[in-house]
Every structure is written in C-alpha cells, then in structure tokens.
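# Tertiary structure, described
So the chains spell out like this:
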Amino acid sequence: MPTNPSRLAYFPGCAMKDQARPDELGTLQALALLGYEVEEIPRWNCCGTVYSLAQDDLMRHVGPVRNLVRVQGMGEKRVLTLCAMCYGTLTRSARFVEEPERLERINAFMDTEDDFRGGIEVVHLLTLLRDEVGYEKLASQVKRSLDGLKVATYYGCVLLRPREFAVDDPERPEVMERVVEALGGTPTVFPERMECCGAYLTVGRSDVVEDRAGRILRSARGNGADLVVTTCPLCQFNLDKRRPAGAPSLPVLYLGQILAWAMGVDEPAVAALLTDEPATGKPVPSGV
Amino acid sequence: MASELDLSRDRLDAPFARRVEELSGENPYACYQCGKCSAGCPFADYMDALPNQVLRLVQLGDESALDLSAPWVCASCLACGVRCPKGVDIAKTMEALRLLALRKGISPAPATPDRPCPQIALVGAYRKLTP
Ligand code: SF4
Ligand code: SF4
Ligand code: SF4
Ligand code: SF4
C-alpha cells in the first residue's frame, strides 16, 4: 500500500492530553499549516515514560511496543512524537526488541495483538522540522516573527542521550536553536541546556529537583534569555513548578507554543511576551 | 624467593559483580576509575557515594552497594554514559542495583510524592522505584 507522504501517524502520550495540552494544540495546528495530515494512532497507551535499562525486564517494553503495533496496523512506517520522553521509550524499546529471541517472547506475551514485526521509525518533532520540512521552508511559513525574542533552548536528557538515539550531537546540539532562528527568535545557548532537571525525582525528592531547576533557570537568565523552551513535559513541569523561591521568573514554554505563534496560530502565552495582550492561561483551540 | 603479585582479575570476579553485569549488560571491570562520570553527574552532590565509587564497590563484589542512596538519587540522565572514555553505561549499573535492591526487598527509595505531581512524573517514578 503506498503511504501518503504527508500523512503522519502520531503518538501523543498522556502528557499531551493533560499538562502539555498547549504544546499539542499548537504543534498540531502548525503541522497542518505545514501540509501534514496528522493522524492520532488508535487505542494508544502510555509508553511508560522511562526506558527500562535492565537486560531482563521485557515486561517494561510492552507499553511502548504495543503502540508501535498500532502504527503498524495503520500501515505506516513511522510515528511522530512531541514528548521527549515518549521519543526515548519508543525508539529505545523498538531497538531492544528487534533481537529475535526478545521479539518472539514479547509477541507471545501480547497474544491479543498483531505480532510486532519491527522496522517502525520514531520521529521527533525536532527532526521532522529539520530533516523534512527544513529550516528554510519553516522560515518562509512564518507569519509573525518572534522578533528577536531571546529563547533559551532546553534539551534535557532524552533528546540527546544515549548517543545512538540522539536527535543531534549529544554534546553540541543545534537543532532547537536553528528552529528558534527560523521562527525569528534569538537562541540563547546556555551551559545547563542539556543538564538533567531531575526527572521523576520530582516524586519524593522535590528538594533535589528544586536545586536543579534553580540552577538551570539562573543559567538561562544569566545568559540573557527572555524565556525557556523545551519539548519535554516533565522538564517543563520541573522547571516551572519546582522553581525555587528567588529563582528567575522567566516563562517555561513548549517548543510547539512558539512554533504555533510564529505560524499565526493563537497562542496567548507567547502573545503575552511579545505584545501587550494579557495571557489568558489557555490557548484557544481552533480547528483541532 | 620474592612473593608473587597476583594481578589477575580472578580475585575480583565476585558473584555479586557478575549478577550486576548480567542485569545491566555492562562489564563493571571495564571501568578504570578515572572519575569522569562523577565529575559530570548533576546529582553527585546528593549521593552518598560517587558514581565511580559505586562502580568500584561492584568491581569488588561488595554488596553494601545495595544499601547506598546513590542509585536512588541517580535520575538515569545518562550524562555519565555518553562521557565515559571506556564506554561504560553507568546508568545501567545503577538500574541493576536498584532492581537487585527492590527484588531483595531492600528499598530505601522515597516513592511517596511529597508534593503534587503530574502523571508523567508518577509513571516515571513508579517504573523506576518499584520491582
Ligand atoms: S512519555 Fe510521557 S507523555 Fe509520553 S506517554 Fe509516556 S508518560 Fe506519557
Ligand atoms: S531533563 Fe529531566 S525531564 Fe527532561 S529529559 Fe531529562 S530527565 Fe527528562
Ligand atoms: S567514567 Fe567510566 S571509566 Fe571513568 S570512572 Fe566512570 S565508569 Fe569508570
Ligand atoms: S545517569 Fe545517574 S549516575 Fe549517571 S550522570 Fe546521570 S544521575 Fe549521575
């Protein structure tokens, strides 16, 4: 079956339906404007957020692999994620279960599903923008420039580590900076941009995460940023909601929000930074 | 006669080290204790043993590694692994120690949310902090 090149199977993940909703709404509208027909995969489930690093823990790969089975069922060869954590679990689990003995066991276990055959590519929004849309086309589609807004690009961990699954050079990435530039913003490269925020330690060790968030925000602000953007809902939560007293108050937004705004989509949080419009808290869903 | 120095790795080849290797897929003896992992670990300040020291205990087959807080403070950020000159993915060793502790019922992990958390955090934590 010939696949429609503009059709994109999409795995949202739980955060996009919850705290990262502004990211999803903005990104999907931007992708539609870029000519993509994004189709949410049917009956998806949580990918489990964190990739199991153990050799014998096949059970923890069922979540991600089951989603890949759904992509296969749509007749698609690749799946888009916006969430950095989803990208990590899906790519790594897909590779882990490629090994024939593991594949056989996991397929035997998921006995009500079609067998996973492998060969599904997981694409993150950033690589899609870089490798398929291209920075130039992206820039040409910009309706409202970010107007030199200084944007600190926070990668966190999963987009860059481990090396085999990095969306860019793990020590000197530039993809997010180039996207910001294409949108008319000025990227702020800061030393903490790929240092972990503490991730799930926010459960039980919020003291540690507060320290990390404070450090990352001070580093971004100290390098002149007006705001921080990320593609990870857990980073966004940690930097914003675990912001310690006295830390810089700069907003922490999703990449999809600045993308959407630049492409002319309503995005109150970005509008508030660039215009006199007051932020109303929630983006206005239009046509999603 | 001069006494012989036994420098073979057989003396170090402890069952505990083997078990950790099996679970993590990482050879603990590949580590030559340069400390680069610890230098770049964003959580080293909060650990009771540095990542390279945790690895050293594993090399020595010392099961007290299971009582450390370090593996529970490790956030699996993988900064150590991308920088290790010997290609040791220490995050996997940390995961193996967490799993061994959890499977033996030694669980010093603070798994109770001390403040409200979104589900992405809860799912992540419970996948890491429960057997
Ligand atoms: S990584 Fe996150 S947002 Fe993505 S599905 Fe998994 S838990 Fe949910
Ligand atoms: S920085 Fe934090 S939440 Fe973000 S990817 Fe790393 S661990 Fe995740
Ligand atoms: S960086 Fe690698 S070799 Fe150096 S101490 Fe750490 S694990 Fe050992
Ligand atoms: S993976 Fe763990 S040990 Fe390694 S740098 Fe990150 S927190 Fe430190």
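Along the backbone of chain B there are seven helices and zero strands. Reading the secondary structure of chain B in the N-to-C direction produces α-α-α-α-α-α-α. Oriented by its inertia axes, the alpha-carbon framework of chain B measures out at about 70 × 30 × 25 Å. The buried share of chain B, reckoned over its 131 residues, is 53%. A fraction of 64% describes how many contacts in chain B between residues 6 or more apart in sequence connect residues 24 or more apart. Accessible surface for chain B amounts to roughly 6,100 Å². Of this, 53% is attributable to carbon and sulfur atoms. Computing the positive centroid from 15 side-chain charges and the negative centroid from 15, chain B places the two 7 Å apart.

Attention shifts here to the pattern of salt bridges. In total, this model carries 27 salt bridges over all chains according to the counting rule given. Ionic pairing is found between Arg115 of chain B and Glu210 of chain A, a salt bridge with its closest N-O pair at 2.9 Å. You can see Arg115 of chain B sitting in the loop between α6 (90–103) and α7 (119–129) and its partner Glu210 of chain A sitting in helix α8 (residues 206–222), one on each of two chains. Here Arg98 of chain B ties to Glu95 of chain B by a salt bridge, and the two come within 2.6 Å at their closest N and O atoms. Note that Arg98 of chain B and Glu95 of chain B are positioned in helix α6 at a spacing of three residues, about one turn of the helix. Judged by relative accessible area, Glu95 of chain B falls into the buried class, the value being 5%. Three or more residues are tied together by salt bridges with common partners; here these are Lys17, Arg21, Glu24 and Glu40 of chain A.

Turning to the site of ligand 1, a few remarks are in order. Around ligand 1, the neighbouring residues are Phe11, Gly13, Cys14, Ala15, Cys46, Cys47, Gly48, Thr49, Cys83, Met85 and Cys86 of chain A together with Ile120 of chain B. Looking at the shell around ligand 1 residue by residue, the class counts come to nine nonpolar, three polar and no charged.

So, on to the site of ligand 4. Residues and elements named next belong to chain B. Near ligand 4 lie 13 residues; those nearest to it are Cys41, Cys74, Cys77, Leu78 and Cys80. Among the elements of the structure, α5 (79–83) and α6 are those that each provide at least two residues to the shell around ligand 4. The residue makeup of the shell around ligand 4, split by class, is twelve nonpolar, one polar and no charged.

It is worth spelling out the layout of surface pockets at this point. Taken as a whole, the largest pocket holds about 330 Å³ of empty space. In this structure, the largest pocket is lined by 20 residues; those nearest its centre are Arg92, Pro162 and Glu164 of chain A together with Asp89 and Lys92 of chain B. Residue assignment for the lining of the largest pocket shows that the elements contributing at least two residues are α3 (84–96) of chain A together with α5 of chain B. In terms of residue count, the dominant contributor to the lining of the largest pocket is α3 of chain A (three residues).

Tracing the backbone through its elements, the reader meets Asp57 of chain A in the loop between β2 (37–40) and α2 (62–73). According to the relative accessible area criterion, Asp57 of chain A is buried, its value standing at 8%. Those residues in contact with Asp57 of chain A that lie beyond four places of it in its chain are Ser52 of chain A together with Leu99 and Arg103 of chain B.

With that out of the way, let us pick up the sheet that holds strand β8 (residues 252–254) of chain A. Residues and elements named next belong to chain A. Spatial ordering of the open sheet is given by β6-β5-β7-β8, a layout of four strands whose pairing is parallel. Both edges of this open sheet fall to β6 (186–188) and β8, since each of them pairs with a single strand only. Across the sheet, the axes of successive neighbouring strands diverge by a mean angle of 40°, strand direction being ignored. Across three bridges, the pairing between strand β5 (residues 150–153) and β6 is parallel. Within β6, the position partnered with Val151 by the bridge is Pro187. Relative to the sheet, helix α9 (residues 233–241) contacts β7 (227–230) and β8, its axis offset from that of β8 by approximately 165°.

Frequently, the measure chosen for interface size is the accessible area that the parts lose on association. The partner chain B presents 45 residues to the 46 residues of chain A that form the contact. Where chain A touches chain B, the interface holds four salt bridges. The partner of Arg103 of chain B in a salt bridge is Asp56 of chain A, with the nearest N and O atoms 2.8 Å apart. Of all the secondary structure elements, the ones that give two or more residues to the side of chain A that touches chain B are α3, α8 and α9 of chain A.

Once that is clear, we can look at the domain arrangement of chain A. Residues and elements named next belong to chain A. Domain annotation of chain A identifies domain 1 (7–125) and domain 2 (134–274). Each of domain 1 and domain 2 was reduced to a C-alpha centroid, and the two centroids are 23 Å apart. Taking both sides of the interface into account, the surface hidden between domain 1 and domain 2 amounts to around 2,100 Å²; carbon and sulfur atoms contribute 76%. Joining domain 1 to domain 2, the criterion identifies zero salt bridges.

In this fold, Gln119 of chain B is placed in helix α7. What makes Gln119 of chain B partly exposed here is its relative accessible area of 34%. If near-sequence neighbours (up to four positions away) are discounted, Gln119 of chain B is found in contact with Cys14 and Asp18 of chain A.

Cut-offs used in this document
- Here, residues in each chain are numbered from 1, in the same order as that chain's written sequence.
- The lettering of chains begins at A and the numbering of ligands begins at 1, in the order of writing.
- Given that this is a predicted model, residues contribute local features only at a pLDDT of at least 70 and side-chain atom pairs are listed and counted only at 80 or more, while totals for whole chains, interfaces and linings are drawn from all residues.
- Where side-chain values are given, they derive from all heavy atoms of the structure, hydrogens and water being excluded.
- Segments assigned H or I by DSSP are reported as helices when at least four residues long, segments assigned E as strands when at least two residues long, and all are numbered from the N terminus.
- We call a residue buried when its accessible area falls under 20% of the maximum for its residue type, exposed when it is over 50%, and partly exposed in between, using a 1.4 Å probe and counting protein chains only.
- Pairs of residues are marked as contacts when any of their non-hydrogen atoms sit within 4.5 Å.
- Here the open area of atoms and residues is found with the Shrake-Rupley method and a 1.4 Å probe, where only the protein chains shown may cover a residue.
- Charge assignment: positive for Lys and Arg, negative for Asp and Glu; neither His nor the chain ends contribute.
- Where a charge lies is defined by one atom per residue type: Lys uses NZ, Arg uses CZ, Asp uses CG and Glu uses CD.
- The working definition used for a salt bridge is a side-chain nitrogen of Lys or Arg within 4 Å of a carboxyl oxygen of Asp or Glu.
- Any residue with a heavy atom positioned within 4 Å of a molecule or strand is treated as near that molecule or strand.
- Each residue gets one of three labels, nonpolar for Ala, Val, Leu, Ile, Met, Phe, Trp, Tyr, Cys and Pro, charged for Asp, Glu, Lys and Arg, and polar for the others, Gly among them.
- The method works on a 1 Å grid over the protein atoms by themselves. A cavity is a set of points holding a 1.4 Å probe that cannot get out, a pocket is an open set with protein on both sides within 12 Å along at least five of seven lines, and residues with an atom within 4 Å of a point line them.
- Grid points are joined across faces, edges and corners, and a volume is the space filled by probe spheres set on the points.
- Strand pairing is defined by DSSP finding a minimum of two bridges between the two strands.
- Helix axes are fitted to C-alpha atoms over the stretch in contact, other axes to C-alpha atoms as well, and angles between N-to-C directions run from 0 to 180 degrees.
- For the domains described, the bounds stem from an automatic or database domain assignment.
- Accessible area that two parts lose when put together, with a 1.4 Å probe and added across both, is what the buried area reports.

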